[in-house]
Amino acid sequence: MWLFVFFDLPTNTKKERKAAARFRKDLMRDGFSMMQYSVYNRHCASKESADVHEKRIKNFIPEKGQVSILRITDKQYGNIVNYWGVKEDPLPEGPKQLEIF
Amino acid sequence: MLKRTIYFSSPGFLSVKDMQLVFDPKNGSDVKNVPVEDIGFMILENQQITVSSPLIEELMNHNVAVVFCDSRHHPQSMLLNMEGHHQQTEIYRQQITASEPLKKNLWKQTVAAKIANQAKLLEKIGADPNPLPHLASRVKSGDVDNREGMAARVYWQRIFGQSFLRDRYGKWPNALLNYGYIVLRAAVARALTGSGLFPSFGIFHHNRYNAFCLADDIMEPYRPFVDMAVWNVCEKYPDVTEMHKEIKAEMLQVLSVDVGMKKQTRPLMVAITHTTASLAACFTRDKKNIEYPILI
């Protein structure tokens, strides 16, 4: 299960910029990584775990701006096609239960 | 919840940033990020890995089992959280003042579960499980007549052949068994501290030189899962008599193997936390039985 967060946050005043930076930082502290500017994703081992992270995001959403949360299955994630320019790029692999560095 | 197992075998620097574990291999390859809260078990095998203090703090906050290996790449030490559970002191007290009959009863359940799993394993690999199921059903309180030993005598020879002797410094695959048991022991010790139990005071093991008596007790019914993994490795690599990376990776998979718990199937690492939680409930007299896994 993957959680995607898309957002458009206003950055007109200093306060808004601060709130936007805070939101971005909070996402990263929750284990999200940047896929594109304002598109963040995270792998969750189970539906329950996805619920936890969704709830956490709700708690730090900034006052203004638009935030969307989407959850998709591993299978759907695998169907993403990435283009970098005109060249197709492979999708970064998701985490496995056992990882060797 | 199933947590991730991470195994570091190449040199690098481990630190923490934004509550994420950061692995910097220092050789120009990509820096890797892993959320600390997703990790359950971590092995550091290379002698050229540096770990930062804030990372250790973060790992302990999330009760991650961190195992360090010695220069021979064998698991040697682990980190243990001094405060793993909010009711820790209360549960410690119950555990230490547990009555002798209670401990004997718990040990009886443990031995019965272990022998039952040994029998299941023999059945699974096509060997004759008798008389193990019979032995399992007649374990006495405190296992006074040592059914555990009786079962072991037939068990080992049926798995690894007539000439096999289970001995810490014995011939292959003893080294493989040692490796698997240490991994398992660390996972059990982690679960014990997570349930507020103190791993040094066992229900049966009481060696004064052993700091993990309770872990050694509770892991008994889980040992056949390691034995199964070792058996699989021996079948898959019949000519190998030394550890290498693939074999170690195979052994670490034990932590996520499916086990039967109360009509449900769970990954082994999750099952251990159920076992230790039920053990804590036994000490506080909220429960009578420890939940042990069944080999499937």
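Everything quoted here is computed from the prediction, not taken from an experiment.

Quick notes on the sheet that holds strand β8 (residues 75–78) of chain B
Spatial strand order, β7(A)-β1(B)-β5(B)-β7(B)-β8(B): five strands in an open sheet with mixed pairing. Of all strands in the sheet, those bounded by a partner on one side alone are β7 (98–100) of chain A together with β8 of chain B. Direction aside, the axes of adjacent strands within the sheet are offset by 20° on average. Pairing of strand β1 (residues 4–8) of chain B with strand β5 (residues 39–44) of chain B, which is carried by five bridges, proceeds in the parallel orientation. Paired with Ile6 of chain B across the bridge in β5 of chain B is Met42 of chain B.

Some remarks on the sheet that holds strand β2 (residues 33–36) of chain A
Strands pair in a sheet through their backbones, by hydrogen bonds, and they do so in one of two ways: parallel or antiparallel. Residue and element names in this part refer to chain A. Ordered in space as β2-β3-β1-β4, the four strands form an open sheet in which the pairing is antiparallel. Because the sheet does not close on itself, it has two edges, and the strands there are β2 and β4 (66–72). Taking each pair of neighbouring strands and ignoring which way they run, the sheet shows an average axis angle of 30°. By the bridge criterion, five bridges tie strand β1 (residues 2–8) to strand β3 (residues 39–43) in an arrangement that is antiparallel. Of the residues in β3, the one forming a bridge with Trp2 is His43. Strands in contact with helix α2 (residues 47–59) are β1, β3 and β4; relative to β4, the strand with the most contacts, it is inclined by about 175°.

Description of the layout of surface pockets
For the largest pocket, the calculated volume is near 1400 Å³. Taken together, 38 residues line the largest pocket, and the ones lying closest to its centre are Ser33, Met34, Asn41, Pro92 and Glu93 of chain A. When contributions to the lining of the largest pocket are tallied by element, the ones reaching two or more residues are β2, β3 and β5 (82–84) of chain A together with β3 (20–24) and β4 (32–35) of chain B. Class assignment of the residues belonging to the lining of the largest pocket gives a composition of 19 nonpolar, nine polar and ten charged. Volume-wise, the second largest pocket comes out at about 1200 Å³. As for the second largest pocket, its lining consists of 38 residues, and the residues nearest its centre are Arg168, Asn178, Tyr181, Ile182 and Arg185 of chain B. Of all the secondary structure elements, the ones that give two or more residues to the lining of the second largest pocket are β8, α3 (100–124), α5 (147–160), α6 (174–194) and α8 (223–236) of chain B.

Thoughts on α8 of chain B
The end-to-end C-alpha distance of α8 of chain B is 20 Å, a good match for the 20 Å that 14 residues give at a rise of 1.5 Å each. Within the sequence span of α8 of chain B, burial applies to Arg223, Pro224, Phe225, Val226, Asp227, Met228, Ala229, Val230 and Val233 of chain B.

Quick notes on the packing of α6 of chain B against helix α9 (residues 245–252) of chain B
Residues and elements named next belong to chain B. It is at 10 Å that the axes of α6 and α9 come closest, and there the two elements cross at 45°. Classed by the angle they form, the pair α6 and α9 counts as oblique. As for how α6 packs across α9, the hand of that crossing is right-handed. Judged by residue contacts, Leu176, Tyr179, Gly180 and Val183 of α6 engage Ile247, Lys248, Met251 and Leu252 from α9. Here the contact of α6 with α9 is composed, by residue class, of six nonpolar, one polar and one charged.

Some points on the confidence of the model for chain B
Confidence along chain B averages 86 in pLDDT terms, with 99% of residues attaining 70 or more. Taken together, the chains of this predicted complex give a pTM of 0.77 and an interface ipTM of 0.80.

Description of the pattern of salt bridges
In the structure shown here, the tally under the stated rule is 22 salt bridges over all chains. Of the charged contacts, one joins Arg22 of chain A and Asp26 of chain A as a salt bridge, the two residues approaching to 2.9 Å between their closest N and O atoms. Of this pair, Arg22 of chain A and Asp26 of chain A both sit in helix α1 (residues 14–29), four residues apart, which is roughly one turn of that helix. When its relative accessible area of 46% is taken as the criterion, Arg22 of chain A is described as partly exposed. According to the relative accessible area criterion, Asp26 of chain A is buried, its value standing at 15%. In this structure, the salt-bridge partner of Asp38 of chain B is Arg42 of chain A, at a minimum N-O distance of 3.2 Å. Separated into two different chains, Asp38 of chain B in the loop between β4 and β5 and Arg42 of chain A in strand β3 make up a pair that spans both. A residue is classified by how much of its surface remains accessible, and Arg42 of chain A, at 2% relative accessible area, is buried. Connected through shared salt-bridge partners, Asp30, Arg42 and Arg56 of chain A together with Glu37 and Asp38 of chain B make up one network.

Calculation rules
Counting starts from 1 at the beginning of each chain's written sequence and moves along it residue by residue. Chain letters and ligand numbers both follow the written order, the letters beginning at A and the numbers at 1. Local features are withheld for residues below a pLDDT of 70 in this predicted model, meaning they are given only at 70 or higher, and side-chain atom pairs are given and counted only at 80 or more; totals for whole chains, interfaces and linings count all residues. With hydrogens and water stripped out, all remaining heavy atoms of the structure feed into the side-chain values. We treat two strands as partners when DSSP finds at least two bridges between them. Secondary structure elements follow DSSP: runs of H or I of four or more residues count as helices, runs of E of two or more count as strands, with numbering from the N terminus. Only the stretch in contact is used when fitting a helix axis, every axis being a line fitted to C-alpha atoms; angles between N-to-C directions are given from 0 to 180 degrees. In this analysis, two residues are considered to be in contact whenever any of their non-hydrogen atoms come within 4.5 Å of each other. Here a cavity means grid points, on a 1 Å grid over the protein atoms only, where a 1.4 Å probe fits yet cannot get out; a pocket means an open set of points with protein on both sides within 12 Å along at least five of seven lines; lining residues are those with an atom within 4 Å of a point. Grid points are joined across faces, edges and corners, and a volume is the space filled by probe spheres set on the points. Gly counts as polar in this scheme, as do all residues outside two lists: the nonpolar Ala, Val, Leu, Ile, Met, Phe, Trp, Tyr, Cys and Pro, and the charged Asp, Glu, Lys and Arg. By definition here, a helix of n residues has an expected span of 1.5 Å times n minus one. Relative accessible area decides the class of each residue, using a 1.4 Å probe on protein chains only: under 20% of the type maximum gives buried, over 50% gives exposed, and in between gives partly exposed. For classification, angles of less than 35 degrees are called roughly parallel, those exceeding 145 degrees roughly antiparallel, those between 65 and 115 degrees roughly perpendicular, and all remaining angles oblique. Two helices crossing with the near one rotated counterclockwise from the far one by less than a right angle form a left-handed crossing, whereas a clockwise rotation gives a right-handed crossing. Per-residue confidence from the prediction method is given by pLDDT, with values spanning 0 to 100. Any Lys or Arg side-chain nitrogen found within 4 Å of a carboxyl oxygen on Asp or Glu counts as a salt bridge.

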